[in-house]
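Below, each chain spelled out in residue letters.
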Amino acid sequence: MARSRSGTRNRRGPRKPPRREAGSGATSIQTLDPRERGAIELPATITVKDFAAQLGVNPADVIRELIKSGIFASINQLIDRDTASLVAGELGYEVAEAIAPSPQAGAATVEGNGEGPTPEAAKEVLFEADDPRDLEPRAPIVTVMGHVDHGKTSLLDAIRSTTVAAGERGGITQHIGASEVTRGERRVVFLDTPGHEAFTAMRARGAKVTDIAVIVVAADDGVMPQTLEAIDHARAAKVPLVIALNKIDKLDANPDRVKNELAEAGVVVEDYGGEVPMVAVSAKTRVGIDDLIDMILLVADLQELTANPKRRAVGTIVEAELDKGRGPVATALVMTGTLRVGDTIVVGATYGKVRALENGAGKRVSKAGPASAVVVLGLSEVPAAGDILRVVADEKVARTMVEQRRAQTAARGSDQQGRATLEDLYRQIQSGQTKELRIILKADVSGSLGAIRHALEQLSADEVRINLLHEGAGDITDNDILLASASNAIVVGFNTRLADTARRTAETEGVDVRLYDIIYKLTDDIDAALKGMLEPEIVEVVEGRAEVRQIFRIGRTVIAGCYVTDGRIIRAQARVWRGGKIIVSDRIESLRRFRDDVREVPANFECGIGLADYHDLVEGDVIECFAQQTVSRAASS
């Protein structure tokens, strides 16, 4: 490319970029007078190449100005808006003020295409900004949840086979990750990944793909812990419930007991004067399947589900994988708009052009309307389940959006903005951001839950109320963390522990987890947070865990031969776990490797541990060592 020699800056005023014309064998770059160009709109981040193209100047000019400012950037490197604004000013261009997107006014535009800069922003307005005259009824999307072995998968299979056997017009189309059931002229879309874990994981990523939650309860088994979890997860998502009373054909089926147990859990079915419909079914004999589909359609009618098939498609990725022959393959559930072959799409942090669409039978289709599941080919990378799919104007817009998202993710790092924490609670109350504190409560035994629940209820005030989204006995699990992440809640544990995988998930998702062993400390912390008077927090850091493999008794001294399973063991405070419960708290007094005293023993090594006061260790016990740190808490407004 020909280089201009007229690049000297006029210090007396804005530089007027020359109108360059190509010489022999060169590519021409036509630039406009900045006074003719008008104010330039810049995104949060932009590559040097795209920035130069937007200005209409040679990228070398941009790089030269960056170097003068001490920034050494390549042509494909991202620069932020402030840096780009300075360079534009040096080159004589005016930069428009950044305008934050307004949910009431619609999403902020990129390249004038009417698309918002993030899927989260789009999610708030895409279903509201349509012209009511363009809206058409759409099929409901249903998730099936419930306790293990209560028949979730069997019920889905029964729905499919019954529809086919009944000879319904159009039959059934089964997709990878979703199934479409046709009843008469209407469709119902069932997500084929049953379970509240997958449902909540997608919510945690910002996707709301479910219109109705079918809770499967076995008539012979009743309401079980996972049933209650599924109900709490659906309630947190504010999704209407339909109870499918399965295994009604069994001799020991007891519908009345199930209704009573549901009522105790706060789910009052219609037979008891409530609003939650219950349908008796049998996945084995296919009894009641038609009634269940009719009830789902009735609940859908009450919601008046609509979508605009004329707009650009917006959907959610149900699942995705890398196919050796076809590249990244994703199953997308189109929520609104129509997805067509040839559309340019942005999905999470990747983009591409739709090369092909396939239905569940593997047949190529040219388009997919609202509430349709299709396999999408053409993405450059494998997206994650729950990522939002959006059709944009062209590849340039797609690339800019993806680069902006990646830059924002990198800039945020581990900072999870907007997550609920006790430290920030008072400030959020004062600014009007928070009207309730959502809590996931786990305790060692069910008897503790009632006492803690009653104590927390007494703390609710006019400014903020405490909302217990879920409570249960046992360890804090990944599922609890995901529910907290999706619902912007904190997790409170009493005399229980945080599972290793849940600890890592909490760090990744930025979820605030609080562990207590005395009830009044728990309530005092939350009460102080509500009043903005939090004392410095004593943070417990688990250093490591070791499993007792053998016991050695030397006189009155007891040494536990251990294998370090996680982290490291140091001479510090320790707890002894047996059968999933803490039996004693003590201090590690001696730590040896073979005959040597050592300061620490890392994972996957053996060691000898002697506790200060407790000498009744048995094989299979787990010794957990931990340290405590004092962290100041800024809860003032």
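Quick caveat: nothing in here was measured; it's all calculated off a predicted structure.

About the thresholds
- Residues numbered from 1 in each chain as written.
- Predicted model: local features only at pLDDT ≥ 70, side-chain atom pairs only at ≥ 80, totals over all residues.
- Heavy atoms only, no water.
- Helix = DSSP H or I, 4+ residues; strand = E, 2+ residues; numbered from the N terminus.
- Contact = heavy atoms within 4.5 Å.
- Areas by Shrake-Rupley, 256 points an atom, 1.4 Å probe, with all protein chains shown as cover.
- Buried < 20%, exposed > 50% of the residue type's maximum accessible area, 1.4 Å probe, protein only.
- Arc of directions from axis to C-beta.
- Pairing = 2+ DSSP bridges.
- Axes fitted to C-alpha atoms, helices over the stretch in contact; angles between N-to-C directions.
- Parallel < 35°, antiparallel > 145°, perpendicular 65-115°, else oblique.
- Left-handed = near helix turned anticlockwise from the far one by under 90°.
- Nonpolar A, V, L, I, M, F, W, Y, C, P; charged D, E, K, R; others polar.

1. Some words on the overall build of the protein chain
Counting secondary structure elements, the protein chain contains 16 helices and 32 strands. The long-range share in the protein chain, meaning contacts at least 24 apart out of those at least 6 apart in sequence, stands at 70%. Approximately 31,000 Å² of the protein chain is accessible, and the part contributed by carbon and sulfur atoms is 47%.

2. Comments concerning helix α15 (residues 500-509)
Among the residues making up α15, those that are buried are Ala502, Thr505 and Ala506. Each buried residue of α15 sits inside an arc of 100° when the element is viewed along its axis, so together they form one side. Looking at α15, the residues exposed on the side facing more than 90 degrees away from the buried face are Glu507 and Thr508. Where α15 is buried, its residues meet α14 (478-487) and β24 (513-516).

3. Considering the sheet that holds strand β23 (residues 490-494)
Strands in a sheet are paired, the pairing made by backbone hydrogen bonds, and the direction either parallel or antiparallel. Read across the sheet, four strands follow the order β22-β21-β23-β24 without closing on themselves; strand pairing throughout is parallel. Sheet topology places β22 (465-473) and β24 at the edges, where each strand pairs with a single neighbour. Between one strand axis and the next, the sheet turns through 20° on average, direction left out of account. Taken together, the eight bridges between strand β21 (residues 436-443) and β22 define a ladder with parallel strand orientation. Paired with Arg438 across the strands is Asn467, a residue of β22.

4. Quick look at the pairing of strand β26 (residues 557-570)
Where β26 and strand β31 (residues 606-611) come together, four bridges link them in antiparallel fashion. Bridging across to β31, Gly561 finds its partner in Gly608. Note: β26 against strand β30 (residues 600-602), three bridges, orientation antiparallel. Note that in β30 the partner of Arg568 across the bridge is Pro602.

5. Focus: the packing of helix α8 (residues 225-236) against α14
For any two helices packed against each other, one specifies the inter-axial angle together with the distance between the axes. Closest axis-to-axis distance for the α8/α14 pair is 10 Å, and the angle between their directions is 15°. As summarised for this structure, α8 and α14 are arranged roughly parallel, according to the angle between their axes. Here α8 and α14 pass one another in a crossing that is left-handed. Every residue of α14 that contacts α8 at Glu229, His233 and Ala236 is listed here: Asn479, Leu483 and Ser487. For the contact of α8 with α14, the per-class residue count stands at two nonpolar, three polar and one charged.

6. Points about unusual backbone geometry
Not every positive phi belongs to a glycine, and Glu304 is a case in point at roughly 55°. By the secondary structure assignment, Glu304 is in the loop between α10 (289-303) and β11 (306-307). Of note in the backbone geometry, Asn495 takes a positive phi value of approximately 55° without being a glycine. Counting through the fold element by element, Asn495 comes out in the loop between β23 and α15. The partly exposed category is assigned to Asn495, whose relative accessible area is 31%.

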